[in-house]
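Topology and contacts: notes
Now for the letters of each chain:
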Amino acid sequence: MALKDVTSEPLPVLPAREDESHKGTYGRALVVGGSRGKAGAAALAGKAALRSGAGLVTVLVPRAIQETVASFEPAMMTVGLGASNCDELLQEFAPEIKELAKDKNCLALGPGLGTSASTFRLVHSLYHHVEQTMVVDADALNAMAAWSEGLKHPSGSRILTPHPGEFERLTGEPCADEARVRAEQAAALCRRDMTDQTVVVLKGHHTIVTDGSRVSFNQTGNPGMATGGTGDVLTGIITALVAQGLETWEAARLAVHVHGLAGDLAAEKLGQVSLIASDLLNFLPEVFLKMGNR
Ligand SMILES: NC(=O)C1=CN([C@@H]2O[C@H](COP(=O)(O)OP(=O)(O)OC[C@H]3O[C@@H](n4cnc5c(N)ncnc54)[C@H](O)[C@@H]3O)[C@@H](O)[C@H]2O)[C@@H](O)CC1
Ligand SMILES: Nc1ncnc2c1ncn2[C@@H]1O[C@H](COP(=O)(O)OP(=O)(O)O)[C@@H](O)[C@H]1O
Ligand SMILES: [Mg+2]
């Protein structure tokens, strides 16, 4: 199938907020991630979802880090699972997480999740049994890479957001240097699960967004963003846009643009060297205003 390059086509827009709307109008997002030592990843995704307009954001983490995650941002709700010393999400939590997912409009799975065998089995179970649209990132991608047929037959739409290292783990092949070839690789991954509901966001300079038939090369962003946690922020932005009703392709394409623009504004003010992931959160308001949202 020929891949259509739609980079120059207009970006999707986030609809204007109606006066008569309320927080329920803008969607419920659930971030599932975090482990001891990587509480920040889940918090960055949660805060990014709030700053990108999601009506209600809940961050679900192992109990041992719940207070830490909650302390990053009072507007974020948190759920802590397991005993007080539980520092990683485990397979046995799957039924409870599936229950909590039921009233959500979008899930993010993976930031800071950890790599134990039990965590990987949890990821597998959620990927295959949660119907809500899910952004699959970081350690959730590593979990899916552990099963050769792992990505097939998801029970809902999935947006996969690998960096080249995660892409190689998922597919067994290194990313090509040439952008067009890399796009074909990403599209092939998209088609591999044999549904037409998967979008792949292959991150890097000029991040690739593809749904298997279309591809868009992102034009924002800079090397200042090559710093830990910026991908976790992107995951939160995509999740919020899906929660607000954008389709997966539109949400991924707009989120990648918004994320890169936040990075560009941050670099202008702070310089590429000093830019850190949490700075991106502070530039998201300016980005949405620039893009015509009130
Ligand atoms: N503050 C936090 O709590 C943070 C937690 N993080 C979490 O840490 C876990 C591990 O994620 P990492 O991504 O660090 O680990 P990985 O081991 O998956 O990725 C790091 C390696 O992947 C390769 N790679 C990454 N980007 C590449 C690119 N653009 N081109 C070529 N190779 C590339 C490189 O070899 C790099 O050293 C995840 O759960 C993640 O969410 C990180 O996001 C960093 C911040
Ligand atoms: N040189 C670069 N130019 C533009 N964007 C970049 C560059 N390096 C990294 N980024 C962006 O930063 C993010 C890094 O994501 P990721 O590797 O998942 O980081 P982490 O897991 O630490 O959060 C991606 O969105 C990527 O596109
Ligand atoms: Mg990452």
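Reading the values: rules and limits
- Going along each chain's sequence as written, the residues are numbered from 1 onward.
- Chains and ligands are labelled sequentially in the order written, the chains with letters from A and the ligands with numbers from 1.
- Two thresholds apply to this predicted model, a pLDDT of at least 70 for residue-level local features and 80 or more for giving and counting side-chain atom pairs, whereas whole-chain, interface and lining totals are computed over all residues.
- Side-chain metrics rest on all non-hydrogen atoms present in the structure, leaving aside hydrogens and water.
- Throughout, near means a residue has at least one heavy atom within 4 Å of the molecule or strand.
- In the analysis that follows, any N or O atom pair within 3.5 Å is treated as a polar contact, provided that within protein one partner can donate a hydrogen and the other can accept it, and provided that, for residues neighboring in sequence, both atoms belong to side chains.
- For every accessible area listed, the method is Shrake-Rupley and the probe measures 1.4 Å; residues are considered covered only by the protein chains on display.
- Working definition: helices are DSSP H or I runs of at least four residues, strands are E runs of at least two. Numbering for both runs from the N terminus.
- Salt-bridge detection follows one rule: a side-chain nitrogen of Lys or Arg within 4 Å of a carboxyl oxygen of Asp or Glu.
- Partly exposed residues are those whose accessible area sits between 20% and 50% of the maximum for their type, while under 20% is buried and over 50% is exposed, using a 1.4 Å probe and protein chains only.
- UniProt positions are given in the numbering used here, feature names are shortened, and annotations may be inferred rather than shown by experiment.
- Throughout, a residue-residue contact means that at least one pair of heavy atoms, one from each residue, lies within 4.5 Å.

**Remarks on the site of ligand 2**
Neighbouring ligand 2 are 17 residues; Lys 203, Gly 204, His 205, Gly 229 and Gly 231 lie closest to it. Contacts to ligand 2 include Thr 207, whose side-chain N or O atom sits 3.1 Å from an oxygen atom. Compared with its free state, where it exposes 580 Å², ligand 2 has 80% of that area covered by protein. The element contributing the most residues to the shell around ligand 2 is helix 8 (residues 230-243), with four residues.

**Topic: the pattern of salt bridges**
Counting across every chain of the model gives nine salt bridges. For Lys 203, the salt bridge goes to Asp 137, with nearest N and O atoms at 3.4 Å. Here Asp 137 lies in the loop between strand 6 (133-136) and helix 5 (138-145) and Lys 203 lies in the loop between strand 8 (198-202) and strand 9 (208-210), a separation of 66 residues in the sequence. In this pair, the class of Lys 203 matches that of Asp 137, namely buried. The shortest N-O distance in the salt bridge between Glu 184 and Arg 180 comes to 3.6 Å.

**Some remarks on the UniProt feature "binding site: (6S)-NADPHX" (unreviewed entry) in the protein**
Within the UniProt annotation, "binding site: (6S)-NADPHX" (unreviewed entry) is assigned to Ala 41, Gly 112, His 163 and Asp 232. Relative to the helices and strands, His 163 resides in the loop between strand 7 (158-160) and helix 6 (164-171). On the accessibility criterion, His 163 (33% relative accessible area) is partly exposed. His 163 has contacts with Leu 202 and Lys 203, leaving out every residue within four places of it along the chain. Inspection of the secondary structure assignment puts Asp 232 in helix 8. Looking at Asp 232, the relative accessible area reads 13%, which means it is buried. Other than its neighbours up to four places away in sequence, Asp 232 contacts Ala 41, Leu 44, Ala 45, Pro 111 and Asp 137.

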